[in-house]
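# A closer look at the structure
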Amino acid sequence: MPDLTKAYRILCVQPHPDDTDIAFGATVALLAGRGVEVFYVSVTDDAAGLSGEDAALPYEERVELRRREQRAAARRLGVTDVIELGFPDAGNWSAYDARNAIIDVIRSVRPDTLLTIDPWMKYEAHGDHRRTGLAAAEAAILHDFPAIGDRAAPVDTPQHTNKLERVGFFFTDNPNLVLDAEAGMERKHLALADHASQWDESTYRELVEYDRWRCERYGQSIGARYAEALLLVPVAWLHIFPDLVTISRSQP
Ligand SMILES: [Zn+2]
């Protein structure tokens, strides 16, 4: 079974700038605090996800606002860098193009762990979420075939020989790894507040309340006050392996 404690460079591929923070932000803060390099990849520009006066801003200003908020939240959690792919939020972009862009990122960042949305979560209605999870999972299994992608794969150098070992899915209904997140919860909720254009005060309060409830439920299974959860699997399990959920659940 894959072991997240062995990770030292993690790539979090998210549809929108706040998704990793909502799902896994406390653990990101704790991992970064232990010296793990965490990179965020935002697939879309999030220009559609604003409300109120912000929604009336010109397109470039909406993109810039979300970029500033994302970078503030990422700094707070200790994220090493944020990469923006710039696909149009809630737009008609293709998972194929996103997959190739993510393959390029994997080849240059060289993570040992990729985290993304579980695209097979039941009742996820947002197309950006489903396509991002699929594009990232496919990029994980195909990135080391040199003939696949928009650009040829770089040759390994002595500094960059690490291999993508494991893929973790958050926002999943099949978690197999629950991590004590209590020490990162306060920072996570401050990072969510950094995404100020995404919620008014009462929506933010509801989000934090829901997050505490969800993290308490995960925590109960490991005797922690708050926890976050993943479905974490070896990369090789993401192809012709219908036993993935059964096997991953049977592991400690
Ligand atoms: Zn999202």
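Everything below is about the structure shown above.
All figures in this text were calculated on a predicted structure; none of them were measured in a lab.

### Concerning the pairing of strand β4 (residues 113-117)
Among the five residues of β4, five are classified as buried, and the element is accordingly described as predominantly covered. With four bridges connecting them, strand β1 (residues 9-14) and β4 associate as parallel partners. If you follow C12 over to β4, its bridge partner there is L115. As paired strands, β4 and strand β5 (residues 166-170) are joined by five bridges and run parallel to one another. Looking across to β5, one finds that T113 is bridged to R166.

### Focus on the layout of surface pockets
Looking at the largest pocket, its volume works out to about 430 Å³. I22, M121, F171, Y210 and R214 are the residues nearest the centre of the largest pocket, which is lined by 19 residues in total. Per element, the largest residue contribution to the lining of the largest pocket is six residues, and it comes from helix α6 (residues 201-220). Considering only residue class, the lining of the largest pocket consists of eleven nonpolar, two polar and six charged.

### So, the sheet that holds strand β6 (residues 177-180)
The strands making up a sheet associate through hydrogen bonds between their backbones, and the pairing can be parallel or antiparallel. Here seven strands make up an open sheet; going across it, the order is β3-β2-β1-β4-β5-β7-β6 and the pairing mixed. In the strand order of this sheet, the two ends are held by β3 (81-87) and β6, each with one partner. Put simply, the sheet's adjacent strands are angled 25° from each other on average, direction ignored. Sitting on the sheet, helix α3 (residues 95-109) is in contact with β1, β2 (37-44), β3 and β4, with an inclination near 160° to β3.

### Comments concerning the pattern of salt bridges
Following the criterion strictly, the structure yields 19 salt bridges and no others. The shortest N-O distance in the salt bridge between E84 and R67 comes to 3.0 Å. A residue pair is termed long-range when its members are at least 10 positions apart, and E84 in strand β3 and R67 in helix α2 (residues 59-77) qualify at 17 residues. Here R67 falls in the partly exposed class, since its relative accessible area comes to 31%. Residue D194 is joined to R76 by a salt bridge in which the shortest nitrogen-to-oxygen separation is 2.8 Å. Placement of the pair is D194 in helix α5 (residues 185-194) and R76 in helix α2, with a sequence separation of 118 residues. One network of salt bridges, in which partners are shared, links D18, D46, R66 and E69.

The rules behind the values
Residues numbered from 1 in each chain as written. Predicted model: local features only at pLDDT ≥ 70, side-chain atom pairs only at ≥ 80, totals over all residues. Heavy atoms only, no water. Buried < 20%, exposed > 50% of the residue type's maximum accessible area, 1.4 Å probe, protein only. Helix = DSSP H or I, 4+ residues; strand = E, 2+ residues; numbered from the N terminus. Pairing = 2+ DSSP bridges. 1 Å grid on protein atoms, 1.4 Å probe; cavity = no way out; pocket = protein on both sides within 12 Å on 5 of 7 lines; lining within 4 Å. Points joined across faces, edges and corners; volume = space filled by probe spheres on them. Nonpolar A, V, L, I, M, F, W, Y, C, P; charged D, E, K, R; others polar. Axes fitted to C-alpha atoms, helices over the stretch in contact; angles between N-to-C directions. Contact = heavy atoms within 4.5 Å. Salt bridge = Lys/Arg side-chain N within 4 Å of Asp/Glu carboxyl O.

That is the geometry; function is a separate question.
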